[in-house]
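# Analysis of the macromolecular model
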Amino acid sequence: MSASNTPTATCPFSGATSASSAVEESAGGTAAGASPAAAMTGVEAPVADWVTIPDLHADPFPIYQRMRSESPVHWVPAVNRYMVTSYAACHEIEQDEERFSADENNSLMKRAMGHSMLRKDNPKHQVDRDSYGSTLRPGTIKKHWNEIFAVNHEKYLSELVAKGPGADFVWDYAAPYTAENLRLICGFHNASQQDMQRWSQTMIDGTGNYADDPEIWDKSAASSAEVDAAIDEMLPYLAKNPDHSLLSGLASMPIPLEAIRANLKMTIGGGLNEPRDVLATTIWALLNHPEQLEAVKNDAKLHAVAFEESVRWVAPIGMYPRETTQDVVLEGVHLPKGSRLGVVLGAANRDPEVFEDPESFNIFRPKKPHLGFGGGVHFCAGTWIARAQVAQIAMPALLERIPDLRLDPTAPSIDAGWVFRGMTKMPVTWG
Ligand code: HEM
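Keep in mind the model is a prediction, meaning the values are calculated, not measured.

Cut-off values and rules
- Residues numbered from 1 in each chain as written.
- Predicted model: local features only at pLDDT ≥ 70, side-chain atom pairs only at ≥ 80, totals over all residues.
- Heavy atoms only, no water.
- 1 Å grid on protein atoms, 1.4 Å probe; cavity = no way out; pocket = protein on both sides within 12 Å on 5 of 7 lines; lining within 4 Å.
- Points joined across faces, edges and corners; volume = space filled by probe spheres on them.
- Helix = DSSP H or I, 4+ residues; strand = E, 2+ residues; numbered from the N terminus.
- Nonpolar A, V, L, I, M, F, W, Y, C, P; charged D, E, K, R; others polar.
- Donors = N, O, S within 2.8 Å, 3.2 Å for Na, K, Ca; no water.
- Near = heavy atom within 4 Å.
- Polar contact = N/O pair within 3.5 Å; in protein donor to acceptor, adjacent residues only side chain to side chain.
- Sits in = over half its atoms within 2 Å of the grid points.
- Core = buried A, V, L, I, M, F, W, Y, C linked by side-chain atoms within 4.5 Å.
- Buried < 20%, exposed > 50% of the residue type's maximum accessible area, 1.4 Å probe, protein only.
- Contact = heavy atoms within 4.5 Å.
- Phe/Tyr/Trp six-rings, centres within 6.5 Å; stacked < 30°, edge-to-face > 60°.
- Pairing = 2+ DSSP bridges.
- Axes fitted to C-alpha atoms, helices over the stretch in contact; angles between N-to-C directions.
- Parallel < 35°, antiparallel > 145°, perpendicular 65-115°, else oblique.
- Salt bridge = Lys/Arg side-chain N within 4 Å of Asp/Glu carboxyl O.

Another point: empty space enclosed by the protein. This model, assessed by the stated rule, comprises 5 cavities of 30 Å³ or more. When its volume is computed, the largest cavity comes out at roughly 670 Å³. What lines the largest cavity is a set of 37 residues, and nearest its centre among them are Gly270, Ile317, Cys380, Ala381 and Gly382. Looking at the lining of the largest cavity, the elements that each hand over two or more residues are α6 (124–130), α8 (170–186), α12 (257–270), α13 (273–287), α15 (302–313), β5 (320–324) and α17 (383–401). Counted by class, the lining of the largest cavity contains 23 nonpolar, 10 polar and 4 charged residues.

Here's what the structure looks like:
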């Protein structure tokens, strides 16, 4: 079970914690109906003391509905930060790194993985981002990765079929498939897909270790050291035997080793769960909506549409952190300098101001941009490679090979999490 799947867990991308220290100053009013003076300075954020981590973990969406209807921003003691839930407010944060910094103070992600591009502001961030070169870009995916993903997919789909009805869609297929892809994207020819899954999970657990559990730190540090050793071994090899991987590109770049290590660890943590989760969530949603499944089977273009609708409907990264660099008024709410924010993509993507009937999975809805891949300078660097692995390669081949795939009626599926959300159990059957 992943960190995201435990009620008390926190995450590298959110920095959220269940530890509730000093409850912020005030309850105060909401942005709606503020006086003219308050409109200039902003009203204080309401306190959502009714929000609990276990409730968020089980099903965050009713909570987000209530929060959005009250105010775009709340102080949430259980999470120990302000949670921003409206589309407009999340979008504003993403577009303005001067007021909303990604370089969070006391970041456990930095402790567990080092200081990666995801926790840097520009201009430093851009140097790291550029160091990823063309590996994740559409041209390289088309020319190089799609063929490799197809081979990997065939292997893990065959393993699922061999396992037979009752196999778990996530753990017997989606997880090893996406882990193997990420292994090759990174260039870890000296590791296995199982190593990738273990590294990813233990480092994510480390970045969420607000309880300071020494056992979690030990495992995270052990993985971090293994990744360092694997990088140290691969860089000279790839300098002589270049391929299309991230490490191969980095082997010839004037980038400090510390940055290479941190960025690779962040990518191991962030590039594995999300394609896995979106693959499982999309298929789960389609299996629950037979008319939409039928449409996808009959029209190849709809694989990509179903993928995007799935990322909107259940954002795989449900929340990530930012910190205010000055006093700001966000959608009418005052936030003091140094406020820790949770940008709740899972809520923004279901904002009724933007999406009609937002709680429904509907591949036929009018096309509107969702925020599932973030935005601004940190817009997900793996967007295109995630689309390729899932929508272009996996979905068409899977639905062709097992056209009568069904959810196992004897073993219910489970979806869980809020910082990362996805299927944690999904037994399937066919035949
Ligand atoms: C459906 C799958 C995915 C989703 C929904 C997703 C989502 C996101 C989001 C929301 C962010 C921004 C977080 C923030 O601003 O704090 C992000 C950043 C990032 N993602 Fe993804 N991601 C996915 C797949 C991947 C994959 C497969 C890779 C790599 C192979 C990847 C690599 C990255 C990197 C390197 C960043 C940091 C970008 C930067 O700081 O400039 N992602 N992702």
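The next thing to look at is the coordination of the iron atom of the ligand. If you check the protein contacts of the iron atom of the ligand, you find one donor only, Cys380 (SG), at 2.3 Å. Along the chain, the position of Cys380 falls in the loop between α16 (345–348) and α17.

The next point concerns the site of the ligand. For the ligand, the set of nearby residues contains 28 residues, the closest of which are His125, Arg129, Arg322, His378 and Cys380. His125 has a polar side-chain atom sitting 2.6 Å from an oxygen atom of the ligand. At a separation of 2.7 Å, an oxygen atom of the ligand approaches a polar side-chain atom of Arg322. When atoms are counted within 2 Å of each cavity's grid points, the one that captures over half of the ligand is the largest cavity. Of all the secondary-structure elements, those providing two or more residues to the shell around the ligand are α6, α12, α13, β5 and α17. Class assignment for the residues of the shell around the ligand results in 17 nonpolar, 8 polar and 3 charged.

If you look at the biggest cluster of nonpolar residues, it comprises 100 residues, and the most contacted ones within it are Met83, Phe169, Tyr173, Phe188, Leu279 and Ile283. In terms of residue count, the dominant contributor to this core is α17 (10 residues). The contacts of Tyr173, once residues within four sequence positions are left out, are His153, Tyr156, Leu157, Leu160, Asp168, Leu279, Ala394 and Leu398. With 23 residues, the next largest nonpolar core counts Val328, Val333, Val343 and Val354 among its residues.

What characterises a pair of aromatic rings is the spacing of the ring centres plus the angle enclosed by the ring planes. For the structure on display, the rule yields 12 aromatic pairs. Ring geometry for Phe188 and Trp199: centres 5.4 Å apart, planes at 75°, overall edge-to-face. Linking Phe188 in the loop between α8 and α9 (193–207) with Trp199 in helix α9, this pair joins segments that are 11 residues apart in sequence. Under the relative-accessibility criterion, Phe188 is labelled buried at 0%. With 6.3 Å between their ring centres and 20° between their planes, Phe307 and Phe373 make a pair best called stacked. One end of the pair, Phe307, is in helix α15; the other, Phe373, is in the loop between α16 and α17, and 66 residues separate them in sequence.

Judged by which residues are buried, strand β2 (residues 73–76) turns out to be covered on both faces: Val73 and Trp75 on one side and His74 and Val76 on the other are all buried. Between β2 and strand β3 (residues 81–84), which follow one another and run antiparallel, lie 4 residues, and Asn80 among them has a positive phi close to 60°.

What follows covers unusual backbone geometry. In this structure, the amide linkage connecting Asn122 to the following residue, Pro123, adopts the cis form with an omega of 10°. Among the structural elements, Pro123 can be located in the loop between α5 (108–113) and α6. Backbone geometry at Asn106 places phi at a positive 55°, although glycine is not the residue there. Its place among the elements puts Asn106 in the loop between β4 (100–101) and α5. Its identity as a non-glycine residue notwithstanding, Asp357 has a phi of 45°, on the positive side.

As a further point, take the sheet that holds strand β6 (residues 328–330). Taken together, the 3 strands give an open sheet; going across it, the order is β1-β7-β6, and neighbouring strands pair in mixed fashion. Each edge of the open sheet carries a strand with a single partner, namely β1 (43–44) and β6. Relative to strand β7 (residues 333–335), β1 runs parallel, the two being bridged by 2 bridges. When the bridges of β7 are listed, Val43 appears paired with Val333.

This paragraph deals with the packing of α13 against α15. In contact at an axis separation of 9 Å, α13 and α15 are set at 100° when each is read in the N-to-C sense. Classified by the angle their axes make, α13 and α15 are roughly perpendicular. Between α13, through Val278, Thr281, Thr282, Trp284, Ala285 and Leu286, and α15, the contact on the second element is made entirely by Ala306, Phe307, Ser310, Val311 and Trp313. For the contact of α13 with α15, a count of residues per class yields 8 nonpolar, 3 polar and no charged.

Going through the model one piece at a time under the given rule, you end up with 27 salt bridges. Arg68 is paired through a salt bridge with Glu359; the nearest N and O atoms lie 3.9 Å apart. Of the two residues, Arg68 is situated in helix α3 (residues 61–70) and Glu359 in the loop between α16 and α17; the sequence distance between them amounts to 291 residues. In this structure, Lys219 and Glu215 form a salt bridge, with 3.7 Å as the shortest nitrogen-oxygen distance. Of the two residues, Lys219 and Glu215 both sit in helix α10 (residues 214–240), 4 residues apart, roughly one turn of that helix. Several salt bridges converge on common partners, so that one network encompasses Asp228, Asp232, Glu258, Arg261 and Lys265.

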